[in-house]
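Overview (structure and organization)
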Amino acid sequence: MKSIVRTGAGGPEVLQFVERPVPEPGVGEVRVRVYVSGVNPTDWRSRRRALPPGVREEVPHQDGAGVIDAVGPQVDPARVGQRVWIWEAAWERPWGTAQQYTLVPDQHAVALPDHAPFELGAALGIPALTAHRALTVHDGGPGLLAPGTLRGSTVLVAGGAGAVGNAAVQLARWAGARVITTVSGPAKAALAHAAGAHRVIDYRTRDTVAEIQAFAPEGVDIIVEVAPGANAALDIAVAAQGAVVAYYSGGENEQLSIPVLTSLPSNLRWQSVFVYTVPSAAKQQALTDVTAAVNAGALRVGEEAGLPLHRFTLEHTADAHAALEKGVVGRVLVDIP
C-alpha cells in the first residue's frame, strides 16, 4: 500500500512517500481503507519532534475518513463495509491516516452516514472534539450539546475562521446559543458569517469590547479562545459572571497573565482544553454529540460553510504540511488514491 512515513524530526521534507505491507487488525482493532486524511497543526508540530522511544517510523495524521474493510478479534464483523470517520489515529500509536489502510481501535472509527461526504468525516476529529469540550466546560452547564442545550447562552469564538473556531460556531448554533466571533479581516469575516455566527467583528478595525458589550450587555458566558495571552484583557472585559474562558491553543512562548483583583469578582474560570487528554467520559459525550450533529446536517464543510478545503494528493503530503504551517485558512485534506 502507499503510505507516508517519517523516520526522524524536521520540516515537511522528512515525510517520505513509500510502499508498505497492508497491516492486519489485532484484537479490538478495525482496518480502514482511508479515502481522505485530515491535517491538523498538531501533525506538523509533532513532526518537528523526535520519534517516541522504540519507534523507527511513524505514519502521521490523527483524522480521516474511509470504509472499514477488515476487523480483528472481539470486533463485530458486521462493521465491515461501514463508512466511518476516524479520531486520534496516531495518538500514542505509529499508525496515522496518511496511508491507504490504517489500523485503529474499534471505538476510534465512528459511523459516518451516507449523506455525509468523506471530506466532512476527515474534517471532524480534533477540531470538532476540541470545540465540543470548549463549549461544555461551563460551570453548571449541561455538559453536552444538542438542540436547545445552550439556549439563553452567549458564546464568543475567538478566530471564527479557523478549523476549531468554525466547528465551535456551528456546534454552538446547533445547540441554540447566540454566537459572536472575532476575525482579522473581511475575507475571514465572510467565512465566519457563512459558518453561522450572529455577529462578526473585525478586531483590527472595530472597537471589539464595545461591540461585544453592545451585542451582549450582560456579558459572554462561554469564550472559545485561540490566543489566551493576547486576549486576556478583552475576555475579562466582556465575560459574564461565572463565565469560562476555554483556551485550546497559543503561541510557542505565549504567556497567560490574569489580573487577580480585576477578574476575581466575576468568578471567572480559565480552562485549558487539550483534546488528547480530555477525560474519557467527556470524550465519549463529545463523540455522541458530534455524531448527532453530523446526522442532523448541523456540521458542514466547504466555502459555503465557512471552512474552505485545501486538497492535496498523498504523494504531496509535504506540501499539505507546508501550507498549514504557513497559515492557510480552512481545512487541509489529503486525498488517498
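All of these numbers come straight from a predicted model, not from anything done at the bench.

**Describing the overall build of the protein**
A count of helical and extended segments in the protein gives 10 helices and 15 strands. The C-alpha extent of the protein, read off along each of the three principal axes, is 60 × 40 × 35 Å. Counting over 337 residues, the protein shows a buried share of 56%. When contacts within the protein are restricted to residue pairs at least 6 apart in sequence, long-range pairs at least 24 apart make up 70% of them. Once the 27 positive and 32 negative side-chain charges of the protein are each reduced to a mean point, those two points are 1 Å apart.

**Details of empty space enclosed by the protein**
Space left empty within the atom packing is revealed by a probe, the size of a water molecule, rolled over the atoms. Within this structure, the stated rule accounts for one cavity of 30 Å³ or more. Reported here for the largest cavity is a volume of approximately 90 Å³. Along its surface, the largest cavity is lined by 13 residues, and Ala123, Leu124, Asn166, Ala167 and Leu307 are the ones closest to its centre. Looking at the lining of the largest cavity, the elements with two or more residues in it are α2 (118-123), α3 (125-135) and α4 (163-174).

**Focus on the packing of aromatic side chains**
Within a pair of aromatic rings, the relevant descriptors are the distance that separates the centres and the angle that separates the planes. Enumeration according to the criterion identifies four aromatic pairs in this entry. Ring geometry for Trp91 versus Phe274: centroids 6.2 Å apart, planes at 75 degrees, classification edge-to-face. Highlighted residues: Trp91 in the loop between β5 (83-86) and β6 (101-105) and Phe274 in the loop between β13 (269-272) and α9 (280-295), separated in sequence by 183 residues. Its relative accessible area of 45% is what places Phe274 among the partly exposed residues. Among the aromatic residues, those joined into a ring-pair cluster are Trp91, Phe274 and Tyr276. A cation over a ring is seen here: Arg33 above Tyr35, with NZ or CZ 4.8 Å from the ring centre.

**Quick look at the pattern of salt bridges**
Within the structure shown, the criterion is met by 15 salt bridges. Between Glu29 and Arg93 there is a salt bridge, and its shortest N-O distance comes to 3.0 Å. Residue Glu29 is located in strand β3 (residues 29-39), and its partner Arg93 is located in the loop between β5 and β6; the two are separated by 64 residues in the primary sequence. Across the pair Arg31 and Asp69 runs a salt bridge, and its minimum N-O distance is 2.9 Å.

**Comments concerning the packing of helix α6 (residues 208-215) against helix α7 (residues 228-238)**
One can describe the packing of α6 onto α7 by two numbers: an axis separation of 10 Å at closest approach and a directional angle of 25 degrees. Relative to α7, the element α6 lies roughly parallel. Relative to α7, α6 is oriented so that their crossing is right-handed. On the side of α6, the interface is formed by Thr208, Val209, Ile212 and Gln213, while α7 contributes Leu234, Ala237 and Val238. Partitioned by chemical class, the residues of the contact of α6 with α7 number five nonpolar, two polar and no charged.

**Side note on helix α10 (residues 317-325)**
Residues of α10 that are buried: Thr317, Ala320, His321, Ala323 and Leu324. The buried residues of α10 occupy an angular sector of 160 degrees when projected down its axis, which confines them to one face. Positive backbone phi, approximately 95 degrees, marks Gly327, located one or two places after α10.

**Notes on a nonpolar patch on the surface**
Taken together, the side chains of Val260, Leu261 and Leu264 define a hydrophobic patch exposed on the protein surface, amounting to about 350 Å² of accessible area. Structurally, Leu261 can be placed in helix α8 (residues 260-263). For Leu261, a relative accessible area of 72% gives the class exposed.

**Topic: unusual backbone geometry**
Most peptide bonds are trans, and most residues other than glycine sit at a negative phi. Even without being glycine, His61 reaches a positive phi, approximately 90 degrees. For His61, the position within the fold is in the loop between α1 (41-47) and β4 (63-71). Residue class for His61 comes out buried when judged on its relative accessible area of 1%. Positive phi values are uncommon outside glycine, yet Glu88 reaches one of about 50 degrees.

Definitions and cut-offs
- Residues numbered from 1 in each chain as written.
- Predicted model: local features only at pLDDT ≥ 70, side-chain atom pairs only at ≥ 80, totals over all residues.
- Heavy atoms only, no water.
- Helix = DSSP H or I, 4+ residues; strand = E, 2+ residues; numbered from the N terminus.
- Buried < 20%, exposed > 50% of the residue type's maximum accessible area, 1.4 Å probe, protein only.
- Contact = heavy atoms within 4.5 Å.
- Lys, Arg positive; Asp, Glu negative; His and termini not counted.
- Charge placed at Lys NZ, Arg CZ, Asp CG, Glu CD.
- 1 Å grid on protein atoms, 1.4 Å probe; cavity = no way out; pocket = protein on both sides within 12 Å on 5 of 7 lines; lining within 4 Å.
- Points joined across faces, edges and corners; volume = space filled by probe spheres on them.
- Phe/Tyr/Trp six-rings, centres within 6.5 Å; stacked < 30°, edge-to-face > 60°.
- Lys NZ or Arg CZ within 6 Å of the ring centre and 35° of its normal.
- Salt bridge = Lys/Arg side-chain N within 4 Å of Asp/Glu carboxyl O.
- Axes fitted to C-alpha atoms, helices over the stretch in contact; angles between N-to-C directions.
- Parallel < 35°, antiparallel > 145°, perpendicular 65-115°, else oblique.
- Left-handed = near helix turned anticlockwise from the far one by under 90°.
- Nonpolar A, V, L, I, M, F, W, Y, C, P; charged D, E, K, R; others polar.
- Arc of directions from axis to C-beta.
- Patch = residues over 30% accessible without salt bridge, like charges linked within 9 Å, V, L, I, M, F, W, Y side chains within 5 Å.
- Areas by Shrake-Rupley, 256 points an atom, 1.4 Å probe, with all protein chains shown as cover.

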